[in-house]
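One letter stands for each residue in the lines below.
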Amino acid sequence: HSDDIADALKRLGFAQPSAEWIEEALSQVTDYGSLDPAEFVLFIGAYEDRLRAHSLEEFKKYDADQSGFIDAHEFLVLLRDMHIEPMPHVLEEVLAEVDEDGSGHLNFEEFFEVIRVLQEREGFTKP
């Protein structure tokens with residue numbers, strides 16, 4: 001049942017599962033409304049693939065200079081569009097936390113991690 005699947009996704013750390021993406025991923029895995037354990041694993045992979053594809057679209061949208069990176073200004077625009085207004089030191093903290101290569105800007109993998117952290121923490125507060 002898709003409501004149960006949404007609950008399972010939330011428990012796995014997907015903050016706001018999309019009903020549309022759930023249906024897309026389910027249709028890739030099964031013709032039925034329920035999943036056995038092996039199908040569930042396949043479903044999670046299909047759902048994550050959809051999430052990554054969406055995140056890549058967003059990354060490209062906010063990579064205004066098309067450099068292949070999101071700089072602090074581009075990231076701030078993205079956050080404001082998400083109705084998040086971080087204090088400058090908090091923005092620096094989050095960027096430093098995920099900027100694994102220390103470049104001062106985010107590649108797609110780092111960007112994807114920021115989105116995951118934001119969803120997991122529902123903002124910038126560390127657990």
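Residues numbered from 1 in each chain as written. Predicted model: local features only at pLDDT ≥ 70, side-chain atom pairs only at ≥ 80, totals over all residues. Heavy atoms only, no water.

### Observations regarding the overall build of the protein chain
In terms of regular secondary structure, the protein chain is built from six helices and zero strands. For the protein chain, the α and β elements follow one another from N to C terminus as α-α-α-α-α-α. Considering only C-alpha atoms, the protein chain reaches an extent of 50 × 30 × 25 Å along its principal axes. Put simply, the protein chain has 127 residues, and 36% of those count as buried. Of the accessible surface of the protein chain, which amounts to about 8,000 Å², a share of 52% is contributed by carbon and sulfur atoms. (Helix = DSSP H or I, 4+ residues; strand = E, 2+ residues; numbered from the N terminus. Buried < 20%, exposed > 50% of the residue type's maximum accessible area, 1.4 Å probe, protein only. Areas by Shrake-Rupley, 256 points an atom, 1.4 Å probe, with all protein chains shown as cover.)

### Looking at the pattern of salt bridges
In this structure the tally under the stated criterion is three salt bridges. The partner of Glu24 in a salt bridge is Arg50, and the shortest N-O contact between them spans 3.0 Å. Residue Glu24 is found in helix α2 (residues 19–29), and its partner Arg50 is found in helix α3 (residues 37–62); the two are separated by 26 residues along the sequence. (Salt bridge = Lys/Arg side-chain N within 4 Å of Asp/Glu carboxyl O.)

### Details of the nonpolar core
Ranked by size, the top nonpolar core spans 31 residues in total, and within it Leu9, Ile22, Phe43, Tyr47, Phe75, Leu106 and Phe111 carry the most contacts. It is α3 that provides the largest number of residues to this core, a total of seven residues. (Core = buried A, V, L, I, M, F, W, Y, C linked by side-chain atoms within 4.5 Å.)

### Brief notes about the packing of aromatic side chains
What the rule picks out here adds up to eight aromatic pairs. Connected via pairs of aromatic rings, a cluster forms that spans Phe14, Trp21, Phe40, Phe43 and Tyr47. For the cation-ring pair, Arg52 lies above Phe112, with the distance from its terminal atom to the ring centre recorded as 4.6 Å. (Phe/Tyr/Trp six-rings, centres within 6.5 Å; stacked < 30°, edge-to-face > 60°. Lys NZ or Arg CZ within 6 Å of the ring centre and 35° of its normal.)

### Structural notes on the packing of α2 against α3
Between two packed helices, both the angle of their axes relative to each other and the distance between the axes serve to describe the pair. Running from N to C, α2 and α3 point in directions that differ by 130°, and their axes come no closer than 9 Å. In terms of axis orientation, α2 runs oblique to α3. The chirality of how α2 crosses α3 is right-handed. Between α2 and α3, the residues in contact are Trp21, Ile22, Glu24, Ala25, Leu26, Gln28 and Val29 and Glu39, Leu42, Phe43, Ala46, Tyr47, Arg50, Leu51 and His54, respectively. Looking at the contact of α2 with α3, its residues break down into ten nonpolar, two polar and three charged. (Axes fitted to C-alpha atoms, helices over the stretch in contact; angles between N-to-C directions. Parallel < 35°, antiparallel > 145°, perpendicular 65-115°, else oblique. Left-handed = near helix turned anticlockwise from the far one by under 90°. Contact = heavy atoms within 4.5 Å. Nonpolar A, V, L, I, M, F, W, Y, C, P; charged D, E, K, R; others polar.)

### Looking at unusual backbone geometry
Here the phi dihedral of Gln66 falls at roughly 55°; this positive angle occurs in a residue that is not glycine. With respect to the secondary-structure elements, Gln66 resides in the loop between α3 and α4 (72–81).

### Notes on helix α5 (residues 88–98)
The complete set of buried residues in α5 reads Val90, Leu91, Val94, Leu95 and Val98. Looking down the long axis of α5, one finds its buried residues gathered within 135° of arc, a one-sided arrangement. When the buried face of α5 is taken as reference, the exposed residues oriented beyond 90 degrees from it are Pro88, Glu92 and Ala96. (Arc of directions from axis to C-beta.)

### Section: α4
Listed as buried for α4 are Glu74, Phe75, Leu76, Leu78 and Leu79. Regarding α4, its N-cap is Asp71, as a side-chain oxygen of that residue lies 3.0 Å from the backbone nitrogen of His73 further along. Downstream of α4 by a residue or two, His83 has a phi angle that is positive, lying close to 65°. (Polar contact = N/O pair within 3.5 Å; in protein donor to acceptor, adjacent residues only side chain to side chain.)

On their own, these measurements won't tell you what the molecule is for.
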